Amino acid sequence: MQLHQDRHLAEQLENEQLLEQSSTSSNKRKHSIDQSQGYTVDAHRKRICTSETQPARLRINEDDDLWTMLEPLKEESRTAGVIPRLQPQFSRANSKKSNTVAAYLCSPYTDHISTGYTDLGWGCGYRNCQMLMTFLERQEEQAQPLLKQVPDIPGLQLLLEKAWREGFDPQGAEQLNHQVFDTRKWIGATEVYVMLVYLGIRCTVLDFDRPTGPNHTHDILFDWIQAYFEGAIPTKEEKADQRDKDEKQTDAFQLLMQSKQQPQNVHVTDRPPLYLQHSGHSRTVIGIEILEDGNRNLIMFDPGRRMLRSYHSDYPRGAPRPRPAYTEPEDDVEESALSSATGDEIDSCSSGTSTPTKLDSGDDDFTHLPSTLHDDSSSPSRKPLNSSNTNKVNRLLRYPPSPRHNLPPNLLRPYRVDAKAIAKNRQYQLLVLGEVVDQRTKGGTMMWNSNTAYLLTEWEREMMKKVTSITA
């Protein structure tokens, strides 16, 4: 009996020891897990903190595989230095016939880029994107360029597909079947948005989804563009401060000569160019012109036009020159009559031979090229989506352009487009580099924020994967 009790007591003591060991091991493992979880939380918080302040550009510029894939645009495709040479065309001092009250031009660091033979008829979206990129390439933040280089069209197509694979704009990716490389598919403002945001560049899409003036004109569109460029002009106080600084650094004679050389009614600003999209075509807005009668002209680069030879004549010997070939303008909007440098008006001549087919039977004057001029398989029909707030984006975009009118070769230059011509299309989208702040609900306006950096942080870039727009 005593032996049985001793054995039972021994087993009980052994079980208690095993339970204690198990409890100790469990506590140690729990403590280890808690430490690991604490480390993980701390590391996650650290990453969040870093992503809130660290520009995505730093990581993107160090991605050698990405930039190896993106071949740079050839120099002969670019025409630099055009903006400053446009000043005399708007100066009242050069012609008694001029009725220009004021003209505002974008940053002179914007190149003109023309379509080539391989992208004629479908490449305008890519070319206008490249024009924006020429500006970004020459801007710096934190002592580094905003953009490492301007990719060619195949590079942009690969970039867009890469962005889609990483979760950018899934709706747009689905509409284009997740493939644009080695195709002639049209792209528009939303695709340009995706490429820029992927590269860590801040941009905003504005929807002008209906006419807002008499005779179907887009007064709000013109008002916004005018305010955008005029906002770059310093106030009288700022001018006085700058004048004082200049006087300390420059003698009076040099200041006098500088003031005489610059047209007083023409302002070259530091503003980025704007990407303007309507159904069938896109162009780059480089400025706006105000006339004596109150009318206004948009000043635009059209990738379907080549520059006048005079814009290339002063290139240094040995410098690459744009190709001399001429292509028809890729636009279904007839521009207002252009004035030459002497003020004489030159009219375009029409020689269209193909019959356009209507996109739809609505009020819009949307047309597209006959099927012989484009690949139907690469341009699926898509109707624009209505947008009423910033959670949706209107996709007006990828429809084929309409038949073109031939113009004399001496008009291959930036041109004016008046309100009547813009009224031919019902809807427009404007892609703006930087941030646009909508303060209309607080009694303010929809304005470009000059204080916000172009570069996105990693967190901002992640939040902007879904394309949104502001309805004007």
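Above this note sits the structure.
Described below are features of the structure shown in this document. As the structure is a prediction and not an experimental result, all values here were calculated from the model.

**Considering the pattern of salt bridges**
Then, number 1: In this structure the tally under the stated criterion is 14 salt bridges.
Then, number 2: Its salt-bridge partner being Arg-78, residue Asp-111 comes within 2.9 Å of it at the nearest N-O pair. Of this pair, Asp-111 sits in the loop between strand 2 (100-105) and strand 3 (112-113) while Arg-78 sits in strand 1 (residues 78-79), placing them 33 residues apart in sequence.
Then, number 3: By relative accessible area, which is 2% here, Asp-111 ends up buried.

**Regarding helix 5 (residues 124-137)**
Then, number 1: In a regular helix each residue adds 1.5 Å, so 14 residues correspond to 20 Å; helix 5 covers 20 Å between its end C-alpha atoms and thus fits that length.
Then, number 2: Burial analysis of helix 5 places 13 of its 14 residues in the buried class, which makes it a mostly covered element.

**Here's the deal with the pairing of strand 8 (residues 274-278)**
Then, number 1: Of all five residues in strand 8, five are buried; the element is thus mostly enclosed.
Then, number 2: The pairing of strand 8 with strand 9 (residues 281-291) spans five bridges and is antiparallel. Counterpart to Leu-274 in the pairing with strand 9 is Val-285.
Then, number 3: Connecting strand 8 to the next strand, strand 9, in antiparallel fashion are two residues, including Gly-280 with a positive phi near 105 degrees.
Then, number 4: Bridge analysis of strand 8 against strand 16 (residues 428-433) gives four bridges, and the strand direction is antiparallel. Following the sheet pairing, Leu-276 is matched in strand 16 by Leu-430.

**Quick notes on the pairing of strand 6 (residues 203-208)**
Successive side chains on a regular strand alternate, one facing one side of the sheet and the next facing the other.
Then, number 1: For strand 6, the buried fraction is high: six of the six residues fall into the buried class.
Then, number 2: On strand 6, burial covers both faces: Cys-203, Val-205 and Asp-207 on one face and Thr-204, Leu-206 and Phe-208 on the other are all buried.
Then, number 3: Where strand 6 and strand 16 come together, six bridges link them in antiparallel fashion. Its bridge partner being in strand 16, Cys-203 is matched across the sheet by Leu-433.
Then, number 4: The sheet contact formed by strand 6 and strand 19 (residues 470-471) spans two bridges and is parallel. Residue Asp-207 lies in a different strand from strand 19, and its bridge partner there is Thr-471.

**Topic: helix 4 (residues 82-90)**
Then, number 1: Turning to helix 4, its buried residues number three or more, namely Val-82, Ile-83, Leu-86, Gln-87, Gln-89 and Phe-90. For helix 4, the angular spread of the buried residues around the axis is 165 degrees, confining them to a single face.

**Focus on the side chain of Arg-296**
Then, number 1: Tracing the chain through its elements places Arg-296 in strand 10 (residues 296-301).
Then, number 2: Within the structure, the side chain of Arg-296 is placed 2.7 Å from the side chain of Asp-223, a separation counted as a polar contact.
Then, number 3: Once residues lying within four places of it in the same chain are set aside, the contact partners of Arg-296 are Asp-219, Phe-222, Asp-223, Gln-226, Ile-288, Glu-289, Ile-290, Val-417, Asp-418 and Ala-419.

**A short note on the nonpolar core**
Then, number 1: Core analysis: the largest hydrophobic core is formed by 90 residues, its most contacted members being Leu-196, Leu-199, Trp-224, Ile-225 and Leu-430.
Then, number 2: Examining the composition of this core, we find that eight residues originate from one element, helix 8 (residues 189-198), more than from any other.
Then, number 3: Once residues lying within four places of it in the same chain are set aside, the contact partners of Leu-199 are Ile-60, Leu-66, Trp-67, Met-133, Leu-147 and Leu-159.

**What to know about the packing of aromatic side chains**
Then, number 1: If you walk through the whole model with that rule in mind, you get six aromatic pairs.
Then, number 2: Ring plane angle 85 degrees and centroid distance 6.0 Å describe the contact between Trp-122 and Tyr-126, whose orientation is recorded as edge-to-face.
Then, number 3: For Trp-122, a relative accessible area of 10% translates into the label buried.
Then, number 4: A relative accessible area of 0% places Tyr-126 in the buried class.
Then, number 5: Sitting above the plane of the Tyr-228 ring, Arg-271 keeps its charged end 5.7 Å from the centroid.
Then, number 6: Of note, Arg-461 hangs over the ring of Tyr-198, and the distance from its end group to the ring centre comes to 4.7 Å.

Reading the values: rules and limits
- Residues numbered from 1 in each chain as written.
- Predicted model: local features only at pLDDT ≥ 70, side-chain atom pairs only at ≥ 80, totals over all residues.
- Heavy atoms only, no water.
- Salt bridge = Lys/Arg side-chain N within 4 Å of Asp/Glu carboxyl O.
- Helix = DSSP H or I, 4+ residues; strand = E, 2+ residues; numbered from the N terminus.
- Buried < 20%, exposed > 50% of the residue type's maximum accessible area, 1.4 Å probe, protein only.
- Expected span 1.5 Å × (residues − 1).
- Pairing = 2+ DSSP bridges.
- Arc of directions from axis to C-beta.
- Polar contact = N/O pair within 3.5 Å; in protein donor to acceptor, adjacent residues only side chain to side chain.
- Contact = heavy atoms within 4.5 Å.
- Core = buried A, V, L, I, M, F, W, Y, C linked by side-chain atoms within 4.5 Å.
- Phe/Tyr/Trp six-rings, centres within 6.5 Å; stacked < 30°, edge-to-face > 60°.
- Lys NZ or Arg CZ within 6 Å of the ring centre and 35° of its normal.

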